Amino acid sequence: MDIVVLAGGISAERDVSLKTGAMVAGALRGNGHRVILLDVFMGYRGEPEKISELFADSSHAGITETEISETAPDLAAVKAARGDTSDCFFGPEVLRICRMADIVFMALHGEDGENGKVQAAFDLLGIRYTGSGYFGSALAMNKEVSKVFFTKNNIPVPNGIHMTKYTREDAFEKTGLTLPCIVKPCCGGSSIGVSIVRKEAEFAQALTEAFRWEDEIVIEDYIEGRDFSVGVLDKKALPVIEIAPLEGFYDYKNKYKAGCAVETCPAKLPEDIAAKMMRYAEAAAEALCLESYSRMDFKLAEDGSIYCLEANTLPGMTATSLLPQEAQAAGMNYAQLCEKIIQVSLQRYGGQK
Ligand SMILES: Nc1ncnc2c1ncn2[C@@H]1O[C@H](COP(=O)(O)OP(=O)(O)O)[C@@H](O)[C@H]1O
Ligand SMILES: [Mg+2]
């Protein structure tokens, strides 16, 4: 098949996406596909007359693999680097090249790649893509909306409230919550802008940090306990993975810097708890209309209660990311996982092109 792997963009998770994209493109090439790895924002930088032969000689459109730094990328610098003043999310020739593909592998993370907008545009343009459709993507992107859907489907979530820049209230006692609590941007990912508040005096600073990224935030009970994640592929849960940061909580650095967290899959858990978490993950994917694949994050409190924190519609796909590790524990290697994602996603369009 002719496949475009779409990565990059201008979200805070740009670097992670580029890494995912490079890995996926390599694996799909190894599976015998003709693959173009394209930065959705920077677009095609080669000669226009080469576009029609791009799949035959896919080295032309390659973007180089970048390392993920310990902090979020400088997006203003990325925007300046494109060298035009257009505010179009899609870089030069991106849509044209995507329309030439049998399917687009969505290696985007964060905001515009994951919130359903690109998916909706692709639907209208007749471009096939991997992962969830626009509606599920939009629901899952918003942590507050996700929690409403989870609760309605009997999936437990942390107790909490929602605040906007316009309803900002710095006095902690007005929230009706107890300490410790967690403050996080409503739609962001990769733990960017997330703070744990243990003392009332820290609350206003945590709000300011979260509002730096978004106008909407979520404040919820801090669940003391272990971190887990469960991937759902083709409606079935993969084995549970545990993530144990060596220091602090599961923040940006602990997520992407090698050696900062111990990841165990299958997680060491009593069978009934693991089974329950997997059931919740499948129910969460269904509740949010997520298709093909997704990954749900959970906390397990010391008393054995499980809480679903959020759903990720385009989970990380670097070799060391959680979903590939879960697939591996289920007997599926990285290349097989990429292939399976393509096949499952094509089902939405009635099977292989
Ligand atoms: N209510 C909570 N209680 C305890 N820890 C939390 C809570 N919400 C988030 N966290 C921690 O912060 C991390 C990131 O939060 P999450 O809701 O998964 O957002 P994202 O991954 O999109 O940034 C989680 O993996 C977890 O370690
Ligand atoms: Mg998460």
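Residues numbered from 1 in each chain as written. Chains lettered and ligands numbered in written order. Predicted model: local features only at pLDDT ≥ 70, side-chain atom pairs only at ≥ 80, totals over all residues.

Moving on, we come to the environment of Arg279. Among the structural elements, Arg279 can be located in helix H10 (residues 271–287). On the basis of neighbour counts, which here come to 14 C-beta atoms within 10 Å, the residue Arg279 falls in the partly exposed class. Put simply, Arg279 and Ile97 are 182 residues apart on the chain and 39 Å apart in space, counted from C-alpha to C-alpha. (Helix = DSSP H or I, 4+ residues; strand = E, 2+ residues; numbered from the N terminus. Buried ≥ 20, exposed ≤ 12 C-beta atoms within 10 Å, placed from the backbone.)

With respect to spatial proximity, 19 residues lie near ligand 1, and among them Pro158, Gly189, Ile223, Tyr250 and Leu309 are the closest. Considering only residue class, the shell around ligand 1 consists of eight nonpolar, four polar and seven charged. Each of domain 2 (140–156 + 224–338) and domain 3 (160–221) contributes no fewer than three residues to the shell around ligand 1. (Near = placed C-beta within 6 Å. Nonpolar A, V, L, I, M, F, W, Y, C, P; charged D, E, K, R; others polar. Domains from an automatic or database assignment.)

Side chains on a regular strand alternate between the two faces of the sheet. Across the seven residues of strand S13 (residues 306–312), six count as buried, placing the element largely inside the fold. Across six bridges, the pairing between strand S12 (residues 293–301) and S13 is antiparallel. Of the residues in S13, the one forming a bridge with Arg295 is Asn312. Joining the antiparallel neighbours S12 and S13 is a turn of four residues, in which Gly304 adopts a positive phi near 90°. (Pairing = 2+ DSSP bridges.)

A separate point is the domain arrangement of the protein chain. According to the domain assignment, the protein chain contains domain 1 (2–129), domain 2 (140–156 + 224–338) and domain 3 (160–221). For domain 1 and domain 2, the distance between their C-alpha centroids amounts to 26 Å. Domain 1 puts 20 residues into the contact, and the matching count from domain 2 is 14 residues. Counting residues per element, the ones that place at least two in the side of domain 1 that touches domain 2 are helix H1 (14–30) and helix H4 (111–114). Per-element accounting of the side of domain 1 that touches domain 2 gives the leading share, eight residues, to H1. (Contact = placed C-beta atoms within 7 Å.)

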